[in-house]
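Coordinates in review
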Amino acid sequence: MNLIVQGPDVPTPDLKQLAKLTAATAIEAVTPTAFRLVAADAGQSDAVAAFCEENRFDCGWVPAERRIDDFGLLVMDMDSTLITIECIDEIADMQGLKPQVSAITEAAMRGEIDFAESLRRRVSLLEGLDQSALQRVYDERLQLSPGAETLLAAARAAGIKTLLVSGGFTFFTERLKPRLGLDYTAANTLDVAAGKLTGRVLGGIVDAQGKADWLKRVRSELGLVKDQVIAMGDGANDLKMMAEAGVSIAYRAKPVVRTQASYALNQVGLDGVVPLLGAARQNG
């Protein structure tokens, strides 16, 4: 196994200490913030995890034979994963209701409230809000998470298709799709009448099971198997989707998600996913 260690600043003495601890045969710089300890002893995983947590590094064990072009599909949550905000919380802020809506959002992400019920409750609070508030959130508040474009560029270069599947809203996913060159998107549709939100969601809700179903649908359409899929998210409603992927990434995630994911990224951006997927296969 190789050990990937990442952080905004990873001092050489710390890398050498980890190399000694794991009997690694070499230390390789993958990017300015990511390092590969070659042929590291995974039997030291608990000690490595403790050391990295203490020093605020992200770490992950990667099979030496893994190659990024072995994967065929990258599935991403939107709110607080691909982008930095929870869109519904920012929409609610336009109504002066952000604290009430954020509290429901947080409880749902921790898994304390059924997602579909939490979404209906939050959307009902938005009744009467002018539709123009959605565009204001997109224009003024929506930002990509650090490293998002680097991750997407690496996926494209490796021939990996992308699916953005969200418990949020099509208003945002449909704008991000052409902007970022995404292959597939799925989300919930807000009902609008006379230019104002009605407080309802149209059709079936894309909840935890809905996300998993979309992953399986696209995976099947592309003729892929589970091990060829990467899924990443941050909340409890991403867990069923992540369980359908060969590699799952918890990004700045709730504890319940971090404990069940293949990897957790807390210190670096989404570009930190790339070193965990292996190097590109050499032609010839």
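For the structure itself, look to the data block above.
Scope of this entry: the structure provided in the associated data block. Here the structure is a predicted model, which is why all the values come from computation and not from measurement. (Residues numbered from 1 in each chain as written. Predicted model: local features only at pLDDT ≥ 70, side-chain atom pairs only at ≥ 80, totals over all residues. Heavy atoms only, no water.)

**Focus: the overall build of the protein chain**
Where we set the bar: Each helix is a run of DSSP H or I of at least 4 residues and each strand a run of E of at least 2, with the numbering of both proceeding from the N terminus. Only C-alpha atoms enter the radius of gyration; for comparison, a globular chain is expected to reach 2.2 Å times N to the power 0.38, where N is the number of residues. Under the scheme applied here, a residue whose accessible area is under 20% of the maximum for its type counts as buried, over 50% as exposed, and between as partly exposed, the area being computed with a 1.4 Å probe on protein chains only. The contact definition used throughout considers only heavy atoms, calling two residues in contact when any of these lie within 4.5 Å. All accessible areas in this document rest on Shrake-Rupley with a 1.4 Å probe, and a residue is counted as covered only by the protein chains that are shown. Charge convention: Lys and Arg are scored as positive, Asp and Glu as negative, and His as well as the terminal groups of each chain are ignored. Taken as the charge location is NZ of Lys, CZ of Arg, CG of Asp or CD of Glu.
Looking only at helices and strands, the protein chain features eleven helices and eleven strands. Its C-alpha atoms give the protein chain a radius of gyration of 20 Å, within 12% of the compact-globule value 19 Å for 284 residues. Seen through its principal axes, the protein chain has C-alpha atoms that stretch 65 × 40 × 30 Å. In the protein chain, which comprises 284 residues, the proportion classed as buried is 54%. Long-range contacts, defined as pairs at least 24 residues apart, comprise 63% of the intrachain contacts of the protein chain with a sequence gap of at least 6. Surface accessibility of the protein chain: about 12400 Å² in total, with carbon and sulfur atoms responsible for 47%. The protein chain carries 30 positive and 37 negative side-chain charges, and their two centres are separated by 2 Å.

**Points about helix H1 (residues 12-22)**
Stated precisely, the cut-off is as follows: Note that the arc is computed from the directions linking the helix axis to the C-beta atoms.
By the burial criterion, the buried members of H1 are Asp14, Leu15, Leu18, Ala19 and Thr22. Looking straight down H1, one finds its buried side chains confined to an arc of 140°; they lie on one side. Away from its buried face, by an angle of more than 90 degrees, H1 presents the exposed residues Pro13, Lys16 and Lys20. Here the buried face of H1 lies against strand E1 (2-6), strand E2 (26-31), strand E3 (34-38), helix H2 (45-55) and strand E4 (58-62). Just downstream of H1 lies Ala23, where phi reads positive at about 55°.

**Observations regarding the environment of Thr84**
By the secondary structure assignment, Thr84 is in the loop between strand E5 (73-76) and helix H3 (87-93). We classify Thr84 as partly exposed; its relative accessible area is 39%. On a C-alpha basis, the gap between Thr84 and Gly147 in space is 11 Å, while along the polypeptide they are 63 residues apart. Contact partners of Thr84, with chain neighbours within four places excluded, come to Gln143, Leu144, Ser145 and Pro146.

**Focus on the sheet that holds E5**
Spelled out, the test is: The pairing criterion is simple: DSSP has to find at least two bridges between the two strands. A fitted line through C-alpha atoms represents every axis, and for helices the fit uses only the stretch in contact; the resulting angles, taken between N-to-C directions, go from 0 to 180 degrees.
Taken in spatial order, the seven strands make up an open sheet running E8-E7-E6-E5-E9-E10-E11, and their pairing is mixed. Pairing within the sheet leaves two strands with one partner each, and these edge strands are strand E8 (196-202) and strand E11 (263-265). Adjacent strand axes in the sheet meet at a mean angle of 25° when their direction is disregarded. Across the sheet, helix H5 (residues 115-124) is in contact with strand E6 (161-169), strand E7 (184-193) and E8; its angle to E8 comes to roughly 165°.

**A word on the side chain of Thr22**
Inspection of the secondary structure assignment puts Thr22 in helix H1. Given a relative accessible area of 1%, Thr22 falls into the buried group. Ignoring any residue separated from it by four or fewer positions in sequence, one finds Thr22 in contact with Leu3, Leu37, Ala39, Ala40, Asp41, Gln44, Val48 and Trp61.

**Looking at the side chain of Asp238**
Its location among the elements puts Asp238 in the loop between strand E9 (229-233) and helix H10 (239-243). When near neighbours in sequence (up to four residues on either side) are disregarded, Asp238 contacts Asp77, Lys211 and Gly233.

**Digging into the packing of aromatic side chains**
As a reminder of what qualifies: Here a Phe, Tyr or Trp ring, Trp counted by its six-membered ring, pairs with any other such ring whose centre lies within 6.5 Å, and the pair is stacked when the planes are under 30 degrees apart, edge-to-face when over 60, and tilted otherwise. Placement of a positive charge over a ring is assigned whenever Lys NZ or Arg CZ falls within 6 Å of the ring centre and within 35 degrees of the normal to the ring plane.
Applying the stated criterion across every chain, the model contains two aromatic pairs. Aromatic side chains Phe51 and Phe57 sit 6.5 Å apart centroid to centroid with 50° between the ring planes, which places their arrangement in the tilted category. A residue is classified by how much of its surface remains accessible, and Phe51, at 13% relative accessible area, is buried. A relative accessible area of 6% means that Phe57 is categorised as buried. Ring centres 5.2 Å apart and planes at 75° place the aromatic pair Phe171 and Phe172 in the edge-to-face group. Taken individually, Phe171 and Phe172 each receive the classification buried, so the pair is uniform in this respect. Directly above the aromatic system of Phe171 lies the positively charged group of Arg175, at a separation of 3.6 Å from the ring centroid. The ring of Trp214 is capped by Arg217, whose NZ or CZ atom sits 4.4 Å from the centre of that ring.

**Notes on the pattern of salt bridges**
For clarity, the cut-off: Basic side-chain nitrogens of Lys or Arg form a salt bridge, by our definition, when they fall within 4 Å of a carboxyl oxygen of Asp or Glu.
Applying the stated criterion to the full structure yields 14 salt bridges. A salt bridge links Lys211 to Asp77, with the nearest nitrogen and oxygen atoms 2.8 Å apart. A residue pair is termed long-range when its members are at least 10 positions apart, and Lys211 in helix H9 (residues 208-221) and Asp77 in the loop between E5 and H3 qualify at 134 residues. For the residue pair Lys211 and Asp77, the accessibility class agrees, reading buried in each case. The partner of Asp93 in a salt bridge is Arg141, with the nearest N and O atoms 2.7 Å apart. Taken together, the positions of Asp93 in helix H3 and Arg141 in the loop between helix H6 (132-140) and helix H7 (148-157) put the pair 48 residues apart, joining distant regions of the chain. The class for Asp93 is partly exposed, based on a relative accessible area of 32%. Look at Arg141 and you get partly exposed, because its relative accessible area is 24%. One salt-bridge network, in which partners are shared between bridges, spans Glu90, Asp93, Lys98 and Arg141.

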